[in-house]
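Residue-level structure breakdown
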Amino acid sequence: MGKGSSRRVRAFKRWMKREGIECSDALDLRDEGVEIGISVSALAHLKEGDVVARIPKLTCLTTRTTAARDIISAAAGEGEEESCLGGLAGLAVALMYERSLGERSRWAAYLELLSKEEESLPLVWRADEVEQLLAGTELEGTVKEDKGVMWKEWKESIEPTLLLQMHPLDAAAVEFDPSFFGFGDYLAARTLISSRSFQIDEYHGVGMVPLADLFNHKTGAEDVHLMTSPHKSEYNTTQENNESDTTSTSISAIHDDDMSASITVDEGEGDDSGGEGDNGDRDNSEGGDDDDSDDSGDGDSDDYGDGDGDGDDSDGDDLEMTMVKDVKLGAEVFNTYGSLGNAALLHRYGFTEPDNPYDIVNIDLELILQWSSSLFSGQHRRARLSLWKRLDYSGCVTHNSEYFEVSFNGEPEIEMLVLLYIMLLPHDAYYKMDLALATAGSSSKPMDIIFSNKSKKLCHKTGLLSEDLLLRKSLCNALLSLADMRDSLYGTNSIEDDIEALGRCCCLSDKKLYHSLMLRISERRILQKLKMYAAKETSVRKKLKRK
């Protein structure tokens, strides 16, 4: 279907009206087709501070409002630590259940907009696609680990036969179709949660917020923001508005638990991330003339949304979409997911951006130890690593893995440089430093021990290294070797091969290949910058020697 107001968009608009969701006439929801999805544009000049939508919390799809709340609450009520039906897994069950109801689901018109979107996320790619397309990237290991964790969750708590055994259902009260609760269905639900969910409040927890998640992402270009309405009750706002971790330094550190964006209070402080998912890969439904049909699939709304109130008054709150800057007539209205590199964007939302300034590459500690194994004995490596740790240094740690970041500009973390410096120290200098540490204990700063000559200390506050450390030829050569070793993980194709392949690739019809190539190229360019960084320092050192 071409651009414009498609059947599913019109059905969604009627559904919003019935549910009490207020959407400004100045917003144009446009169906850009299966490959692109929904976009939101301005039909009039929008000004900063304009409220363009109000969304009652009870219209959000959560574990409190879903028709499957009895299944989820029964599982949560078991009190077993191993139960996986709380939090995000519970929301996934809610999504699967509502999908199983089809047109009878209260959220049928909303879920119609989301169909097929999850296919673009690496989590649901085939194993051979992950192997071929993500080889060497920051995502390869992460996707495999995520699938393993989710397989365990599904097998232990959600697999249909187990779910029925653990939580027998009253057929008269809850309809249950096991065919909608397979592992593939669970992965699909989790991908939607990772790309679209918001932390609504303490009572509702994480949930799907219709309309708010239709705005596309643009890094550093947020036009609209979701927040709790100041006109309603101020229920526990300090607990509701915890900001999500959108500044993770490693893709492997990103879990579903911190994928969802937060909602901020009206004071304008707190989270600046959007939480809306990539809007590609949305199906256009087949069907006849929708204008003469109800098309809601709502069922009896009285059967939904009571949330087992428990005396909580937060259900009366509205969520508001508020403009945070002016947007001209005809321009697309963007939200932002925060400051995320391409690995995080592809992992969570299924797309990448060219020249993303938040891109990074990680150098694993294991790779450094592998490099050093060709130069030093095992005893040497263990002793130097031990001294580095006793000086209170460490890399980033996640999933039992330790690593160091290389920034978009090709600059390595100072912790890695110090480790390489210590690894390359002559024996006499190493023993002198070891003795100084044993003598000083915790009373002295690490830099005072590493550089006993005060004129050659590392300036820890500015991150600048002394010439003695940064300009050592052996350390620069180590960086060059590590960059080559890290780049070899991408396979036999050169970066030039990848760039040529990207030029032949269509970002719409070959989304997986296109975005995986974008990720590979962005990471490999950082490694090239790392080599330039090391070569530049070597060149500076030579000039200083000639002087």
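Residues numbered from 1 in each chain as written. Predicted model: local features only at pLDDT ≥ 70, side-chain atom pairs only at ≥ 80, totals over all residues. Heavy atoms only, no water.

By the naming in an unreviewed UniProt entry, the protein chain goes by N-lysine methyltransferase and is assigned to Prunus dulcis.

A short note on the overall build of the protein chain
For clarity, the threshold we go by: Only DSSP runs of H or I with at least four residues qualify as helices, and only runs of E with at least two residues qualify as strands; both kinds are numbered from the N terminus onward. Only protein chains enter the accessibility calculation, which uses a 1.4 Å probe. A residue is then buried if its area is under 20% of the maximum for its type, exposed if over 50%, and partly exposed in between. When checking whether two residues touch, look at their non-hydrogen atoms; a contact exists if any pair is within 4.5 Å. Under the convention used here, a 1.4 Å probe and the Shrake-Rupley method define accessible areas, while residue burial counts only the protein chains that appear.
Within the protein chain, the regular secondary structure consists of 19 helices and twelve strands. Taken across its 547 residues, the protein chain has 54% of its residues classed as buried. Considering only contacts in the protein chain between residues 6 or more positions apart, those separated by 24 or more positions represent 78%. Surface summary for the protein chain: the accessible area is close to 24000 Å², and the carbon and sulfur share equals 49%.

A word on the sheet that holds strand E11 (residues 396-398)
Paired through backbone hydrogen bonds, the strands of a sheet run either parallel or antiparallel to each other. Which entries qualify depends on this criterion: Two strands pair if DSSP finds at least two bridges between them. A fitted line through C-alpha atoms represents every axis, and for helices the fit uses only the stretch in contact; the resulting angles, taken between N-to-C directions, go from 0 to 180 degrees.
Across the sheet, which stays open at both edges, the three strands sit in the order E10-E12-E11 with antiparallel pairing between neighbours. Looking at strand neighbours, the two that pair on one side only are strand E10 (361-364) and E11, the edges of this open sheet. Each adjacent strand pair in this sheet contributes to an overall mean axis angle of 45°, direction not counted. Where E10 meets strand E12 (residues 401-406), four bridges bridge the pair, whose relative direction is antiparallel. Across the sheet, residue Ile-363 finds its bridge partner in E12, namely Phe-404.

Notes on the side chain of Glu-320
Keep this limit in mind: In protein, a polar contact requires one atom able to donate a hydrogen and another able to accept it; more generally it is a pair of N or O atoms within 3.5 Å, and residues adjacent in sequence count only if both atoms are side-chain atoms.
Topologically, Glu-320 is positioned in strand E9 (residues 318-323). Under the relative-accessibility criterion, Glu-320 is labelled buried at 2%. A polar side-chain atom of Glu-320 sits 2.9 Å from a polar atom in the side chain of Arg-54.

So, helix H1 (residues 7-19)
Operational definition: Expected span of a helix, by definition, is 1.5 Å for each gap between consecutive residues, and there is one gap fewer than residues.
Between its terminal C-alpha atoms H1 stretches 18 Å, which fits the 18 Å expected from 13 residues at 1.5 Å a residue. When we look at burial in H1, the residues that qualify are Arg-7, Arg-8, Val-9, Ala-11, Phe-12, Trp-15, Met-16 and Glu-19. Those residues of H1 that are buried lie in contact with strand E1 (22-23), strand E2 (27-31), strand E3 (38-42), strand E4 (51-56) and helix H4 (108-114). In the segment just after H1, Gly-20 is the residue with positive phi, at about 85°.

Thoughts on the environment of Gly-37
Mapped onto the fold, Gly-37 is located in the loop between E2 and E3. We classify Gly-37 as buried; its relative accessible area is 0%. In sequence terms Gly-37 and Asn-216 are 179 residues apart; their C-alpha atoms lie 9.6 Å from each other.

Details of the pattern of salt bridges
The condition that has to hold: Salt bridges are defined by distance alone: a side-chain nitrogen of Lys or Arg within 4 Å of a carboxyl oxygen of Asp or Glu.
What the rule picks out here adds up to 24 salt bridges. Among the ionic pairs, Glu-138 bridges to Arg-486, the shortest N-O distance being 2.7 Å. Within this pair, whereas Glu-138 is found in the loop between helix H5 (127-133) and helix H6 (140-158), its partner Arg-486 is found in helix H17 (residues 473-488), the two being separated by 348 residues in sequence. With a relative accessible area of 12%, Glu-138 lands in the buried category. Look at the salt bridges and you will find they share partners, linking Arg-126, Asp-128, Glu-129 and Lys-512 into a network.

Details of the packing of helix H11 (residues 365-373) against helix H13 (residues 414-423)
For clarity, the cut-off: Any angle that is under 35 degrees is reported as roughly parallel, and any over 145 degrees as roughly antiparallel; angles of 65 to 115 degrees are reported as roughly perpendicular and all others as oblique. Here a crossing is called left-handed whenever its near helix is offset anticlockwise from the far helix by less than a right angle, and right-handed whenever the offset is clockwise. For this classification, the nonpolar set comprises Ala, Val, Leu, Ile, Met, Phe, Trp, Tyr, Cys and Pro, the charged set comprises Asp, Glu, Lys and Arg, and every other residue, Gly included, is treated as polar.
Their axes nearest at 12 Å, the elements H11 and H13 cross at an angle of 20°. What the angle tells us is that H11 and H13 run roughly parallel. Considering only the axes of H11 and H13, their crossing is right-handed. Residues Leu-365, Ile-368, Leu-369, Trp-371 and Ser-372 of H11 pack against Met-416, Leu-419, Leu-420 and Met-423 of H13. For the contact of H11 with H13, the residue count by class is eight nonpolar, one polar and no charged.

Points about the pairing of E2
For E2, the tally of buried residues reaches four of five residues, placing the bulk of the element in the interior. Taken together, the five bridges between E2 and E3 define a ladder with antiparallel strand orientation. For Leu-27, the partnering residue across the bridge sits in E3 and is Ala-42.

Details of the pairing of E12
The buried fraction of E12 is high, at five of six residues. Sheet topology note: the E11/E12 ladder contains three bridges and is antiparallel. Bridging across to E12, Thr-398 finds its partner in Ser-401. Hairpin connection between E11 and E12: a loop of two residues separates the two successive antiparallel strands, and His-399 in this loop has a positive phi of roughly 50°.

Some details on the confidence of the model for the protein chain
Formally: Residue-level confidence of the predictor is what pLDDT reports, using numbers from 0 through 100.
When pLDDT is averaged along the protein chain, the result is 77, and 70% of the positions lie at 70 or above. Note on residues 78-83: pLDDT is under 50 here. Beyond four places in sequence and across chains, it has six contacts. With pLDDT under 50 throughout, residues 454-465 is counted as low confidence; its partners more than four residues away or in other chains account for 23 contacts.

Notes on the sheet that holds E4
Read across the open sheet, the four strands follow the order E1-E4-E9-E7; overall the sheet is antiparallel. Two strands bound the open sheet, and with one partner strand each, they are E1 and strand E7 (224-228). Here E7 runs beside E9; their pairing, made up of five bridges, is antiparallel. By the bridge assignment for E9, Thr-228 is matched with Leu-319.

Considerations on unusual backbone geometry
At Leu-211, a position not held by glycine, the phi torsion is positive, near 80°. Look at Leu-211 and you get buried, because its relative accessible area is 0%. Even without being glycine, Asp-392 reaches a positive phi, approximately 70°. Considering the arrangement of structural elements, one finds Asp-392 in the loop between helix H12 (378-390) and E11.

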